[in-house]
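In case you want the letters, here they are:
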Amino acid sequence: MPKLAIKGGTPVRTELFPAYNTIGSEEKEAVMKVLDSGNLSQFLGAWHKDFYGGPTVQQFESDWASAFNCKYAISVNSNTSGLFSAIGACGIQAGDEVIVSAYTMSASALAPIIYGAVPVFADVDDNNFGLCPESIERCITPRTKAILVVHIFGNPAKMDEIMRIAKKHNLCVIEDCAQAPLASYKDQEVGTIGDIGIFSLNYHKHIHTGEGGVLTTNNDELAERIYLIRNHGENIVEPKGVENVFNSHGFNFRMTEMEAAVGIQQLKKLPGLIDQRIGNAAKLETALSKIEGIQTPVIEEGSKHVFYVQALRFDQEKIGVDRNTFVNALKAEIPSAVLREDTPLIGAGYVKPLYLQPLYQQRATHCSFNCEKYKGEVDYSKGICPNVEKLHFHELVTHEYMRPGMSDKDIADVIEAFNKVALNVEELR
Ligand SMILES: *Cc1c(COP(=O)(O)O)cnc(C)c1O
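Keep in mind that this is a model prediction, so the values were computed, not measured.

A. A look at the side chain of Arg-13. Position of Arg-13 among the secondary structure elements: in the segment before helix 1 (25-37). Residue classification places Arg-13 among the buried residues on the basis of a relative accessible area of 7%. Here Asp-410 takes part through its side chain, which lies 2.8 Å from a polar atom of the side chain of Arg-13. At 2.9 Å, the side chain of Arg-13 and the side chain of Asp-413 are in polar contact. Excluding its chain neighbours within four sequence positions, the residues that come into contact with Arg-13 are Glu-333, Ile-334, Pro-335, Asp-410 and Asp-413.

B. Examining the environment of Leu-201 more closely. If you trace the backbone, Leu-201 turns up in the loop between strand 8 (196-200) and strand 9 (213-217). Sequence-wise, Leu-201 and Ser-75 are 126 residues apart; in three dimensions their C-alpha atoms are separated by 9.9 Å. Leaving out residues up to four positions away in the same chain, Leu-201 has contacts with Phe-60, Trp-64, Ile-207, His-208, Thr-209, Gly-210, Glu-211, Gly-212, Gly-213, Val-214 and Met-255.

C. Structural view of the site of the ligand. Neighbouring the ligand are 14 residues, the closest being Thr-80, Asp-176, Ser-200, Asn-202 and Lys-205. Thr-80 has a polar side-chain atom sitting 2.5 Å from an oxygen atom of the ligand. Between Asp-176 and the ligand, the recorded distance is 2.7 Å, taken from a side-chain N or O atom to a nitrogen atom. Taken by itself the ligand offers 380 Å² of open surface, and the protein chains cover 93% of this. Grouping the amino acids of the shell around the ligand by side-chain chemistry returns 3 nonpolar, 9 polar and 2 charged.

D. Looking closely at helix 8 (residues 233-240). All of the buried residues along helix 8 are Gly-233, Ile-236 and Val-237. Along helix 8, the residues classed as buried sweep out an arc of 110° about the axis, all on the same side. Counted as exposed and oriented over 90 degrees from the buried face of helix 8: Glu-238 and Pro-239. In this structure, the buried residues of helix 8 make contact with helix 7 (220-230). Gly-241 lies just past helix 8 and shows a positive phi near 75°.

E. Looking closely at the nonpolar core. Of all hydrophobic cores here, the largest spans 104 residues; its most connected members are Trp-64, Phe-121, Ile-147 and Ile-196. Listed in part, the 34 residues of the second largest apolar core include Leu-284, Ala-329, Leu-330 and Val-414.

F. Region of the structure containing a nonpolar patch on the surface. A cluster of nonpolar side chains, namely Met-32, Leu-35 and Leu-40, defines an oily patch on the protein surface of about 240 Å² accessible area. Residue position: Leu-40 is located in the loop between helix 1 and helix 2 (55-67). Note on Leu-40: relative accessible area 34%, which makes it partly exposed.

G. Local environment of the pattern of salt bridges. On inspection of all chains with the given rule, the structure shows 22 salt bridges. Measuring nitrogen to oxygen at the nearest pair gives 3.8 Å for the salt bridge that ties Lys-168 to Glu-137. Taken together, the residues Lys-168 in helix 6 (residues 159-169) and Glu-137 in helix 5 (residues 133-139) connect sequence positions 31 residues apart. Note on Glu-137: relative accessible area 38%, which makes it partly exposed.

H. Region of the structure containing helix 7. A large share of helix 7 lies buried, amounting to 8 of its 11 residues. Along helix 7, the residues classified as buried are Leu-222, Ala-223, Arg-225, Ile-226, Tyr-227, Leu-228, Ile-229 and Arg-230. Where helix 7 is buried, its residues meet helix 2, strand 1 (72-76), helix 3 (79-89), strand 8, strand 9 and helix 8. Measuring from the side-chain oxygen of the N-cap residue of helix 7 to the backbone nitrogen of Glu-221 gives 2.9 Å; that N-cap residue is Asn-219. Just downstream of helix 7, His-232 is the residue with a positive phi angle, here 50°.

The rules we used
- Residues numbered from 1 in each chain as written.
- Predicted model: local features only at pLDDT ≥ 70, side-chain atom pairs only at ≥ 80, totals over all residues.
- Heavy atoms only, no water.
- Helix = DSSP H or I, 4+ residues; strand = E, 2+ residues; numbered from the N terminus.
- Buried < 20%, exposed > 50% of the residue type's maximum accessible area, 1.4 Å probe, protein only.
- Polar contact = N/O pair within 3.5 Å; in protein donor to acceptor, adjacent residues only side chain to side chain.
- Contact = heavy atoms within 4.5 Å.
- Near = heavy atom within 4 Å.
- Areas by Shrake-Rupley, 256 points an atom, 1.4 Å probe, with all protein chains shown as cover.
- Nonpolar A, V, L, I, M, F, W, Y, C, P; charged D, E, K, R; others polar.
- Arc of directions from axis to C-beta.
- Core = buried A, V, L, I, M, F, W, Y, C linked by side-chain atoms within 4.5 Å.
- Patch = residues over 30% accessible without salt bridge, like charges linked within 9 Å, V, L, I, M, F, W, Y side chains within 5 Å.
- Salt bridge = Lys/Arg side-chain N within 4 Å of Asp/Glu carboxyl O.

Following this line, the structure appears as structure tokens:
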């Protein structure tokens, strides 16, 4: 009789895991207050005090700046639009190159393309899966203007070395912190170490406002440029007397008062939610690291990992079966979560290495890598980032079983499932 569920045995658990839902009465009351006021957005795309938005938006930004120890927090309607704003504010243009991690959500690499620039993909560090400093150095050319760092999975990248490289070559550093709010590197919040940080408030993230994002910076000039890009800057530069108008034409990236009201309440919950993630991840780590061939995340000394997901390294030789087979067997032992029943909480790998997407393989843009101002020759062929490919196709397992709301019993079931599959791996051969 087989023991593994995927072979017809009895699963460890069929009851769905609890939903991750951080929205409560605080958010509801805050939104009702905004609705009662009748003022759902107070932005004006003109040089006027309302250029900076309404009272709730401004309160949210001021709360965010205090929580993250930075001079400016600027709300936008997504992390994606925040990335566009940051690239524009750094003065990136056609012909420039921006070094980006190849292992991240697609929006991180798209931002340079919007400004006609070229994303150059660097490989990731074997331990924290963020940009590898040596790989960054190898990607630098006379056209490099910025480094776009992603603190992937909530684990801070090696910022000291990245900042040293940036200083040496006079590059702008943009930190995509969508997965890493309140993660820190040597006691400094990520997003406040480089020139600009960007956070996501979409519903997959630690806290959310439905859709939304926040940029952080300590630089007055960059902040001014971000405000212009967020809100129709072309109308503002003349009356405001802006001298450097380059890339200051704007979009409408404005957050509503309702989203900001939710954001104020969500921000208060963030430290507690992170503590729960870290606590649950520690329980899983203690048990899973006992399985020969599974390695739990490596956190650099002085770093705080906030566990958007817990990324495990899988050693096929030691386990005795390939990763995808193992993960499929795990999925049969434990179900997904309430609300997202069709989305498993565990996966083999993360997103496909970005340069392998059709956009890069077919070079399908009007002006970027195919722009006549571009004098370089960027390589998007398979094999350019060996670590990313090894992790994605063979070694990485990502899961969200450390989410707040998981009880000790829920976590014990997850551990039991891992142990069961590891012990009965011969059934999978
Ligand atoms: C979620 C995410 C984004 C996009 O965030 P949106 O707010 O949905 O635009 C960008 N980068 C990373 C690393 C992300 O995880």
